[in-house]
Amino acid sequence: MRSPNPFRRLSTTLLRLGAALGMVLCLSACAELPKNVERPISTALESPADTPLALLVKQRREAAATRFDSGFLLVDGPPAAYGSRLALAQGAQKTLDLQYYSIHADASTAHLLRAVRDAARRGVRVRILLDDFHSTGRDAVVMYLAFEPNIEMRMFNPLAGARTSTLSRLVNSIDDASRIQQRMHNKLFVADNVLGVTGGRNLGDAYFGNAPNANFLDLDVLVAGRVVQDLSRSFDAYWNNERAYPVESLVKREELEKIRADAKAAAERERTAPQESQADEGDGARTDPHLPRWDRQPMDLRTASFIWAPAAVIVDKPAKIPSDRSSAAGSERKAPGVEIPDRKARTADKGRSGALQVALNAASEGDTVVEGLLQLIGLAKKDLLIISPYFVPGPDMKQAFAAALSRGVRIRVLTNSLASNDAPVAHVGYARHREELLKMGVELYELRSEQAGLRSTFGSSGSTGASGESRSMLHSKGLVMDGEWVVVGSMNLDLRSQLQNTEIAVLIRSNELARVTTEKIETTLREGSWHVEEVDGRLVWHAPQGSGLKDETTEPDASPSLRLMLKLFGPLAPDTLL
């Protein structure tokens, strides 16, 4: 079982930076992506009304006696996050569409993907679209699903070369460094085009509270009704894009079988190692990391308490990662703009609020999802509550904050502390701007890495160590504005999400959902985060309430060696690569 490596994103960033620099030094590599690939066009289920899930949504809406046609449930904690997806896989009758940046081949995902495979075997059409950056070594095993009946799997923006290591594939793609830096970061899990889950979570143990050493605190929303069709239209646009390659065109079944055999052997070696160390400890403090920390049960969708509200999907167009033809046309290009699926038809919908249309008009002024959110911030009147694990504000973002602050808007930002950040080098990009943001009037909170049973909007992290605490890493992405608007999506407020990766978000207008979300996040601000302020010209980290900790004047819980490493390597990575 794998656990998050705190230096993974650092190594990824340095590898990307090295690839960009290596363009000057290296010749083109041998392996190439296949040409003239067949991509049969397919689209989402057009008439979902007769499926059991559709009837369930209809019943829930009628019970709520609402005029709105879309419902939302904030997914709170690993069991609900896992259970909602499992319920969709088990309940789907006609179609399942999965779109992810990363799917890890570990225990949690294996159980979930077995349910997806079982759906295919009972006749459900399954489409899986996966970004190709991390599909190497053991994680390449998930590609084996492409050879199951009724399952189609495509890899978005693939890297050429063998699946043995990320480094070898990066070196092989060294003459195309600008493209491989851009990744499909969208996350969707949609059943029968009527129920879906979207948010910040990838699929893997660390995202479901089941990693042995550290886990992500994440945020999802379960979506029901008409807005799900907009999520599906977004999926279709990426699925049918020329950057989406069928797995069969990239890797042979025999290669995956060898990878799978090697992965099983490695897993068996890992399985015996913890048992030996536990026998040495003899205190029972450690638990078997291969056992789930909660029951893997599906959510009971019949009792889901949806909040019905006007909403819309905002998504980057796939062309944000340009095709080979558009890349060859010239290096100077503008992002193709955000997509608001089926906007024309939805504009005439009487169930939509006029205020939502104003918000959509503002968001559509941006060329990307993040820029659209910055335009939305321009409508803020009193309060902004932002969650971004990787928070690297560029000039546009700081300008939007300054304008909001000048209107009297209170801005609070929750991000990772250095100790809780699984990507320490990304923290450098945030720390560069920290004092400037504080002087502007932005209130900053940094997640405490060790959580002791904290229940927040993200739920407990699930993993516990010998001390009874778990190392937590923020991975949630969201925004609450004026106690009225909620945004949940895949985007970080950083330049990578703004300029390079593709992202998706759901914009919801609901006082009730905003209240629930705000209350839970504020619990994390008070009890699970360091409040950073500038006092007498120096930074002070105020300890979380009730923690019994003292205030700090240096990055809390971070080792001197980590601070030194970032001072040495941090300046090498510009904000746009973090």
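Residues numbered from 1 in each chain as written. Predicted model: local features only at pLDDT ≥ 70, side-chain atom pairs only at ≥ 80, totals over all residues. Heavy atoms only, no water.

## Re the packing of helix H3 (residues 78-91) against helix H4 (residues 107-121)
For any two helices packed against each other, one specifies the crossing angle of their axes together with the interaxial distance. Interhelical geometry of H3 versus H4 gives an angle of 20° and a closest axis separation of 8 Å. Relative to H4, the element H3 lies roughly parallel. Handedness of the H3/H4 crossing: left-handed. Residues Tyr82, Arg85, Leu86, Ala89 and Gln90 of H3 pack against Ser108, His111, Leu112, Ala115, Val116 and Ala119 of H4. (Axes fitted to C-alpha atoms, helices over the stretch in contact; angles between N-to-C directions. Helix = DSSP H or I, 4+ residues; strand = E, 2+ residues; numbered from the N terminus. Parallel < 35°, antiparallel > 145°, perpendicular 65-115°, else oblique. Left-handed = near helix turned anticlockwise from the far one by under 90°. Contact = heavy atoms within 4.5 Å.)

## Section: the nonpolar core
In this structure, Leu96, Leu98, Met153, Phe189, Leu195, Leu222 and Leu301 are the most contacted members of the largest nonpolar core, which totals 62 residues. Setting aside chain neighbours within four positions, we find leucine 222 in contact with Gly71, Phe72, Leu73, Val75, Leu195, Gly196, Val197, Met299, Leu301 and Phe306. With 44 residues, the next largest nonpolar core counts Ala363, Ile386, Ala404 and Leu507 among its residues. (Core = buried A, V, L, I, M, F, W, Y, C linked by side-chain atoms within 4.5 Å. Buried < 20%, exposed > 50% of the residue type's maximum accessible area, 1.4 Å probe, protein only.)

## Thoughts on the environment of arginine 163
Mapped onto the elements of the fold, arginine 163 is located in the loop between strand S4 (151-156) and helix H5 (166-172). Taking relative accessible area as the criterion, arginine 163 reaches 1% and is therefore assigned buried. Discounting residues that sit within four places of it in the chain, arginine 163 has contacts with Asp132, Ser135, Thr136, Gly137, Ala140, Met143, Met155, Arg169, Leu250, Glu255 and Ile259.

## Remarks on H4
Taking 1.5 Å of rise per residue, the 15 residues of H4 would be expected to cover 21 Å, and the 21 Å separating its terminal C-alpha atoms lies within 8% of that figure. All buried positions along H4 are accounted for by Ser108, Thr109, Leu112, Leu113, Ala115, Val116, Ala119 and Ala120. Along the axis of H4, the buried residues cluster in a sector spanning 150°; they form a single face. Of the surrounding secondary structure, the elements contacted by the buried residues of H4 are H3, strand S2 (95-100), strand S3 (125-131), S4 and strand S5 (188-191). Phi for glycine 123, located one or two positions after H4, is positive at around 105°. (Expected span 1.5 Å × (residues − 1). Arc of directions from axis to C-beta.)

## Re the packing of aromatic side chains
Applying the stated criterion across every chain yields a total of 8 aromatic pairs. Ring centres of phenylalanine 156 and tyrosine 238 lie 5.6 Å apart, and the angle between their planes is 55°; on these two criteria the pair is classed as tilted. Linking phenylalanine 156 in strand S4 with tyrosine 238 in helix H7 (residues 227-239), this pair joins segments that are 82 residues apart in sequence. Here phenylalanine 156 matches tyrosine 238 in class, with each residue buried. The interplanar angle of 45° and the centroid separation of 6.0 Å between the aromatic rings of phenylalanine 391 and tyrosine 430 together place this pair among those described as tilted. (Phe/Tyr/Trp six-rings, centres within 6.5 Å; stacked < 30°, edge-to-face > 60°.)

## A look at the pairing of strand S18 (residues 478-481)
A two-sided burial pattern is seen for S18, the buried positions comprising Gly478 and Val480 on one face and Leu479 and Met481 on the other. Where strand S13 (residues 383-387) lies against S18, 4 bridges are found, and the strand directions are antiparallel. Residue leucine 384 lies in a different strand from S18, and its bridge partner there is methionine 481. The pairing of S18 with strand S19 (residues 485-489) spans 4 bridges and is classified as antiparallel. In the strand pairing of S19, methionine 481 is matched with tryptophan 485. (Pairing = 2+ DSSP bridges.)

## Description of a nonpolar patch on the surface
Among the surface-exposed residues, Leu564, Leu568, Phe569 and Leu572 lie close enough to one another that they form a single nonpolar patch of about 400 Å² accessible area. Tracing the backbone shows leucine 572 in the segment after helix H17 (560-569). (Patch = residues over 30% accessible without salt bridge, like charges linked within 9 Å, V, L, I, M, F, W, Y side chains within 5 Å. Areas by Shrake-Rupley, 256 points an atom, 1.4 Å probe, with all protein chains shown as cover. Salt bridge = Lys/Arg side-chain N within 4 Å of Asp/Glu carboxyl O.)

By themselves, these are just geometric observations and shouldn't be taken as functional.
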